[in-house]
Amino acid sequence: MMGSRGSLHFKNTDTEKIVRALVEAYADETNKLNREVTHNNWGKPFILISKTFVSVYDGSFASYGDMDSEGKLLSQCVGQPVLGFNNINDDMMCLSVYAGQEEVTGATFAEGEWWDTIDLAALMDTMQLEYTAEDWEPVFAEEMEEPDEMLEAFEKLTGQTYIAAQSEVAGRWPGAKLVQETEEITVFAIA
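Here is a short report on the structure shown in this document. (Residues numbered from 1 in each chain as written. Predicted model: local features only at pLDDT ≥ 70, side-chain atom pairs only at ≥ 80, totals over all residues. Heavy atoms only, no water.)

## Considering helix α3 (residues 120-127)
Inclusion rule: Only protein chains enter the accessibility calculation, which uses a 1.4 Å probe. A residue is then buried if its area is under 20% of the maximum for its type, exposed if over 50%, and partly exposed in between. Secondary structure counts use DSSP, requiring at least four H or I residues in a row for a helix and at least two E residues in a row for a strand, with both numbered from the N terminus. Note that the arc is computed from the directions linking the helix axis to the C-beta atoms. Pairs of N or O atoms within 3.5 Å make up the polar contacts considered here, provided that, within protein, one atom can donate a hydrogen while the other can accept it, and that residues adjacent in sequence are counted only when both atoms are side-chain atoms.
Of the residues making up α3, those classed as buried are Ala122, Leu123, Thr126 and Met127. Seen end-on, α3 carries its buried residues on one side only, within an arc spanning 105 degrees. Away from the buried face of α3 by more than 90 degrees, exposed residues Ala121 and Asp125 are located. The distance from a side-chain oxygen at the start of α3 to the backbone nitrogen of alanine 121 is 3.3 Å, and the residue carrying that oxygen is aspartate 119. Phi turns positive one or two residues past the end of α3, at glutamine 128, with a value near 50 degrees.

Below is the structure:
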């Protein structure tokens, strides 16, 4: 997969409102989201609407080593918490939860270990996802050696892909339908 990129995931509670806020944020030329036109060489960002999440995939989220400013900005624009993934050159995976201008909790997996401990209660409470503490155990297992293992465990639990580029949409989600396209972002639905 090589190359840093990231994604942000909003619980799908009001698809129209979330998508409208995201499209408007990307349409604002002064917005930090548009500071790097190639989006870290991953091309145009896209939104994916699934049953559980409205997700934004953007290479820029990881191009500066973190995505705090983008996570906080989009959480504030949409008006709800967001779960963020940041893959840095396949060597490091950062997981964060943002609510408005605050990082609620976060953790980084690299060099075969978690560098810090996620506040699982805060993750579950903030994102309101329908999983128990036992469901999360494989995601944060100590025997994982590579960031991809954590990512795969998270994807297995939630049924969501966390790292993708627009060029991969047809292969990953064969039933994806184009919903909207602007100069800045494309919207697909699989739900």
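## Observations regarding the side chain of glutamine 80
Rule in force here: In what follows, residue pairs with any heavy atoms lying within 4.5 Å of each other are defined as contacts.
Along the chain, glutamine 80 falls in the loop between α2 (68-78) and β4 (82-88). At 2.8 Å, the side chain of glutamine 80 forms a polar contact with the backbone oxygen of lysine 11. If sequence neighbours within four positions are ignored, glutamine 80 has contacts with Phe10, Lys11, Thr13, Ile18 and Ser75.

## Let's talk about the pairing of strand β5 (residues 92-99)
Along a regular strand, successive side chains alternate from one face of the sheet to the other. Selection rule: At least two bridges found by DSSP between two strands is the condition for calling them paired.
Burial of β5 is extensive: six of the eight residues sit out of reach of the surface. With eight bridges connecting them, β5 and strand β6 (residues 102-110) associate as antiparallel partners. Paired with methionine 93 across the bridge in β6 is phenylalanine 109. The hairpin turn running from β5 into β6, its antiparallel successor, is two residues long, and glycine 100 in that turn takes a positive phi close to 60 degrees.

## Description of a negative patch on the surface
To keep things clear, this is the line we draw: The patches described consist of residues with a relative accessible area above 30% and no salt bridge, like charges being joined within 9 Å and nonpolar side chains (Val, Leu, Ile, Met, Phe, Trp, Tyr) within 5 Å. Computed by Shrake-Rupley with a 1.4 Å probe, the accessible areas treat only the displayed protein chains as cover when residues are assessed. A pair is scored as a salt bridge if a Lys or Arg side-chain nitrogen falls within 4 Å of a carboxyl oxygen belonging to Asp or Glu. His is not counted, nor are the chain ends, whereas Lys and Arg count as positive and Asp and Glu as negative. Note that the charge is assigned to NZ on lysines, CZ on arginines, CG on aspartates and CD on glutamates.
There is a patch of like negative charges on the surface, built from Asp91, Glu111, Glu113, Glu142, Glu143, Glu145, Glu146, Asp148, Glu149 and Glu152. With three residues, helix α5 (residues 147-158) is the single largest residue contributor to the negative patch. Its place among the elements puts glutamate 143 in the loop between α4 (133-136) and α5.

## Some thoughts on the environment of threonine 186
With respect to the helices and strands, the residue threonine 186 is situated in strand β9 (residues 186-189). Overall, threonine 186 belongs to the buried group, its relative accessible area being 1%. It is 8.4 Å that separates the C-alpha atoms of threonine 186 and glutamine 166, two residues lying 20 residues apart in sequence. Setting aside residues no more than four positions away along its own chain, threonine 186 makes contact with Lys44, Pro45, Phe46, Ile47, Gln166, Leu178, Gln180 and Glu181. Within the structure, the side chain of threonine 186 is placed 3.3 Å from the side chain of glutamate 181, a separation counted as a polar contact.

## Some thoughts on the packing of aromatic side chains
Threshold: Only centres within 6.5 Å qualify two rings of Phe, Tyr or Trp (six-membered ring in Trp) as a pair; their planes then separate them into stacked at under 30 degrees, edge-to-face at over 60, and tilted for everything else.
One pass over the full model with this rule turns up eight aromatic pairs. A centroid spacing of 6.3 Å and a plane angle of 65 degrees characterise the contact between phenylalanine 46 and tryptophan 173, whose relative ring orientation is edge-to-face. Separated by 127 residues along the polypeptide, phenylalanine 46 in strand β2 (residues 46-49) and tryptophan 173 in the loop between α6 (169-172) and β8 (177-181) bring together distant segments of the chain. Each member of the pair, phenylalanine 46 as well as tryptophan 173, carries the same accessibility label: buried.

## Digging into the environment of valine 97
With respect to the helices and strands, the residue valine 97 is situated in strand β5. Expressed as a C-alpha distance, the spacing of valine 97 and aspartate 68, which sit 29 residues apart in the sequence, is 9.5 Å.

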